Amino acid sequence: MKNKILCLSAALVLIMASCKEDKTSNDTVAQPETAQYKGTPMSDEFDAKIDSIVGQMTLEEKIGLLHGYSMFTNEGVERLGVPELHMADGPLGIREELQRMSWAKLGLDNDFATYYPAGAGLSATWSPELAHTFGRSIGEEARARGKDVLLAPAFNIIRTPLGGRTYEYMTEDPFLNKTLIVPYVVGVQENNVAACIKHYAANNQETNRGTVNVLMDERTLREIYLPAFHDAVVKANAYSVMGAYNKFRGDYLCENPYMLQDVLRDEWGFKGVVISDWDAVHTTKKALEAGTDLEMGTNAPSFDEFWFANPLIQAVKDGKVTEAEVDVHAKRILKLLFNVKAMGNTDSRAEGSLATEVHYKDAYNIAAESVVLLKNNESLLPLNTQEVKSIAVIGPNATAKHAQGGFGAGVKTKREVTPLEALKAKLPESVTINYAEGYKTLFKPKKEMKFGEVTQEAKETVTDVDPKMIAEAVEAAKKSDIAILFVGANRDYETEASDRIDLSLPFGQEKLITAVKAANPKTIVVFVAGAPYDINNVEKENSTIVWSWYNGSEGGNALADVLLGTVNPSGKLPWTMPKQLSDSPAHATNSFPGEDTVTYQEGILVGYRWFDTKNVEPLYPFGYGLSYSDFELANATANKKSYNEDETIAVTIDVKNTGNHDGKEVVQLYVSKAKSAVERAAKELKGFNKVLVKAGNSKKVTIKVPVKELAYYDKNSKGWVVEKGDYTFKLGNSSKNITQEVTVTIQ
Ligand code: BGC
């Protein structure tokens, strides 16, 4: 313990003592070039070999490649040396091994994996480097577990704050989304594992996800919902794509010629494999001919009955589907196998590693940069362990683990450090912890959540806090110098296959928060959750609020380090926290969840684009997050006054850390176009740069914006158009806090 105290004080001294000398560094920090994260395209060098192998296959063997033959593989062709394609979920870490024929666990002792922060946490880092770390690290685990395809990343746009998978997805903004997804995919595929980018596309709600028909105009599709998929295919060269459950413009996404053929293959040049979401195929001929290659799903009634199994054999025999069509899809599967070195150069295939200290450190680094400081009015944070002698630690999220829960993929891990464990290990012995659970968190859904038939209602839940538990918490708070509440939600409450019913905080926790605050005015509220909630009252009553996520194996350590000041918070919200649900675009336009059809009435005005354009005040804006330091932006300039379409604009700005702590700031650049021929959002994110600035120092930061990034999608010419004229770049540290402006002209 003594060593720990020494380390802690040394680290604190380091942070605090880099105090306010007014040093100006001439370092220029350029925005990470996204070009450095270019993926390797699929190679054609094995095509002749593939033709020859497919030429030797029977029809049945070829078709065996095209459908699930166990829960997470297709069928291989042993006599020709074609292995099964091994797939695994998913975004939070490599899922544990399941039975071949059912969802039951295998119960192995060698499939424990690292639990990585869920998508919302990763996107709150605003760090392409950490996204690359994430991809590389999880890719290594996939290899060590013998996988060929990782069913991740998942990055559908957050259209509604109620979305069940908000915690798992990334953001409401297409630019942030694509900037993080490209390095993620590149990192995964560096390990000879294919990323399966999902869920393609326009899959933004769980309610009726198996049937709902999504409608939106073409410009909205191109500008909001497709950019990250486009870049994942075109720049990162993702080797596989997962077709979503829902319909788009009348056709299921796994049998949608427009999305699978015209856009994905013809426009973007995708050469990889389209894998269906589990049970998302509904036809044989239509789905195959539209471009789905591999039908996956559950074993019901049997894998032979899949649309791409016996019915496909029959369709070929009846002359309804040609064998040449089957060959096209079989060859794509083989091409993927060769490109990930499951065939061919297998000796040089990456071996990977599983649940190593290095991977836990990767998970820690991501978590540490994801925590968002929402409010610190009385400077209760960072905790001053010289003065504080006792801390009440209250709430179920002080001890809860989130690697598993709800419907959908979790991770079996040996390590998930909780906030209470981390605080116990990190606080000096002089500080006493008074722990109280606070409230119970039971949540059982009303319906068996299979295809998200309903917006989630509870069959069994707790909605009120037990008075005895409040009394215990109040007592702990009263006898402590400071109280820290660990509240929020869990992965039973926020889950795949159902959307939340409203934004209210679950389990009656508000009552507890109010009672603890009344008992001890020095109360810090820490939320652990993956999606926006109605925290208006908490915001009004409390001076100090921290937001953390389902944050992986090291989530508790990262959070404790932020509270103690060994890490200066630098996370920024990846979505808007509304004051009320009806302020959010999909709800303001009354276009969620729809019935058989859902029409995205808000069009391009998703997330902050809506709030800014319609002048609606959010509770906390997109891009917002405080630090223990203050930063000032000054002297924004562009390298020229006017540009043509092929140029790149370089905006340079000074970032000064005026506080007492070294820290990272995310400089955000939004564009605004007055007098446009088309509808425009008041501002749109077009660049950002996360930069470390020492206390008292200043750094020059450059953000590069290719002029083409300013284009809008023109539905008449079916292409991107850069409108000429003046554009104003608005720079700040959230979408609302804009402190610098530069205007440039495009000729
Ligand atoms: C999810 C996918 C997942 C698949 C396999 C589906 O329910 O939508 O994201 O990869 O199950 O577990």
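Residues numbered from 1 in each chain as written. Predicted model: local features only at pLDDT ≥ 70, side-chain atom pairs only at ≥ 80, totals over all residues. Heavy atoms only, no water.

The name given to the protein chain in an unreviewed UniProt entry is Glycosyl hydrolase family 3, and the organism recorded there is Flavobacterium beibuense F44-8. Looking at the protein chain in UniProt, the text filed under Sequence similarities (unreviewed entry) is "Belongs to the glycosyl hydrolase 3 family." (UniProt positions renumbered as here; feature names shortened; annotations may be inferred.)

Quick look at the domain arrangement of the protein chain
If you check the domain split of the protein chain, you get domain 1 (34-345), domain 2 (356-575) and domain 3 (631-746). Contacts between domain 1 and domain 3 engage 13 residues on the former and 14 residues on the latter. Counting the surface lost from both domain 1 and domain 3, the interface buries some 1,200 Å², and carbon and sulfur atoms represent 64% of this. Sorting the residues of domain 1 by area buried against domain 3 places Trp 126, Phe 175 and Arg 219 first, and these three jointly supply 55% of that buried surface. Taken together, the connections running from domain 1 to domain 3 amount to one salt bridge. Linking Lys 178 and Glu 709 is a salt bridge whose minimum nitrogen-to-oxygen distance equals 3.0 Å. (Domains from an automatic or database assignment. Contact = heavy atoms within 4.5 Å. Buried area = accessible area lost by both parts, 1.4 Å probe. Salt bridge = Lys/Arg side-chain N within 4 Å of Asp/Glu carboxyl O.)

Brief notes about the site of the ligand
Surrounding the ligand, one finds 14 residues, the nearest of these being Asp 89, Arg 165, His 199, Asp 277 and Glu 496. The side chain of Arg 95 places a nitrogen or oxygen atom 3.2 Å from an oxygen atom of the ligand. At a separation of 2.7 Å, an oxygen atom of the ligand approaches a polar side-chain atom of Asp 277. A class-by-class count of the residues in the shell around the ligand yields six nonpolar, one polar and seven charged. (Near = heavy atom within 4 Å. Polar contact = N/O pair within 3.5 Å; in protein donor to acceptor, adjacent residues only side chain to side chain. Nonpolar A, V, L, I, M, F, W, Y, C, P; charged D, E, K, R; others polar.)

Section: empty space enclosed by the protein
Evaluated as defined, the whole model comprises six cavities of 30 Å³ or more. Considering the residues around the largest cavity, the lining is formed by 17 residues, among which His 402, Pro 419, Trp 549, Gly 555 and Gly 556 are closest to the centre. Considering only residue class, the lining of the largest cavity consists of eight nonpolar, eight polar and one charged. The calculated volume of the second largest cavity comes to roughly 90 Å³. Along the wall of the second largest cavity there are 13 residues; nearest its centre are Arg 159, Pro 161, Glu 172, Thr 576 and Ser 584. Along the lines of polarity and charge, the residues of the lining of the second largest cavity split into seven nonpolar, four polar and two charged. (1 Å grid on protein atoms, 1.4 Å probe; cavity = no way out; pocket = protein on both sides within 12 Å on 5 of 7 lines; lining within 4 Å. Points joined across faces, edges and corners; volume = space filled by probe spheres on them.)

With respect to the sheet that holds strand S23 (residues 684-693)
On the basis of which strands lie adjacent, the open sheet formed by five strands has the order S20-S28-S27-S22-S23 and mixed pairing. This sheet does not close on itself; its edge strands, each paired only once, are strand S20 (642-643) and S23. Alignment of S20 against strand S28 (residues 738-746), held across two bridges, turns out to be parallel. Across the sheet, Tyr 643 pairs through a bridge with Ile 746, a residue of S28. (Pairing = 2+ DSSP bridges. Helix = DSSP H or I, 4+ residues; strand = E, 2+ residues; numbered from the N terminus.)

Quick word on the pairing of strand S12 (residues 432-436)
Looking at chain direction, strand S11 (residues 390-394) and S12 are connected through five bridges and run parallel. Bridge pairing links Ser 390 to Thr 432 in S12. Viewed along the sheet, the connection from S11 through helix H14 (residues 419-426) into S12 turns out right-handed. (Right-handed = clockwise from strand over helix to strand, strands pointing away.)

Describing the packing of aromatic side chains
Applying the stated criterion across every chain yields a total of 25 aromatic pairs. Between Trp 126 and Phe 622, the ring centres sit 5.3 Å apart and the planes meet at 50°, which makes this aromatic pair tilted. Of this pair, Trp 126 sits in the loop between helix H4 (119-124) and helix H5 (128-144) while Phe 622 sits in the loop between helix H20 (608-613) and strand S19 (631-638), placing them 496 residues apart in sequence. Phe 622 gets classed as buried once you look at its relative accessible area, which sits at 0%. Between the aromatic rings of Phe 175 and Phe 688, the centroid separation amounts to 6.1 Å while the plane-to-plane angle is 85°, which identifies the pairing as edge-to-face. Of this pair, Phe 175 sits in helix H6 (residues 174-189) while Phe 688 sits in strand S23, placing them 513 residues apart in sequence. Each member of the aromatic cluster is reached from another via a ring pair, and the members are Trp 126, Phe 175, Tyr 608, Phe 622, Tyr 670 and Phe 688. For the cation-ring pair, Arg 159 lies above Tyr 600, with the distance from its terminal atom to the ring centre recorded as 3.9 Å. Over the ring of Tyr 670 we find Lys 683; its NZ or CZ atom is 5.9 Å from the centre of that ring. (Phe/Tyr/Trp six-rings, centres within 6.5 Å; stacked < 30°, edge-to-face > 60°. Buried < 20%, exposed > 50% of the residue type's maximum accessible area, 1.4 Å probe, protein only. Lys NZ or Arg CZ within 6 Å of the ring centre and 35° of its normal.)

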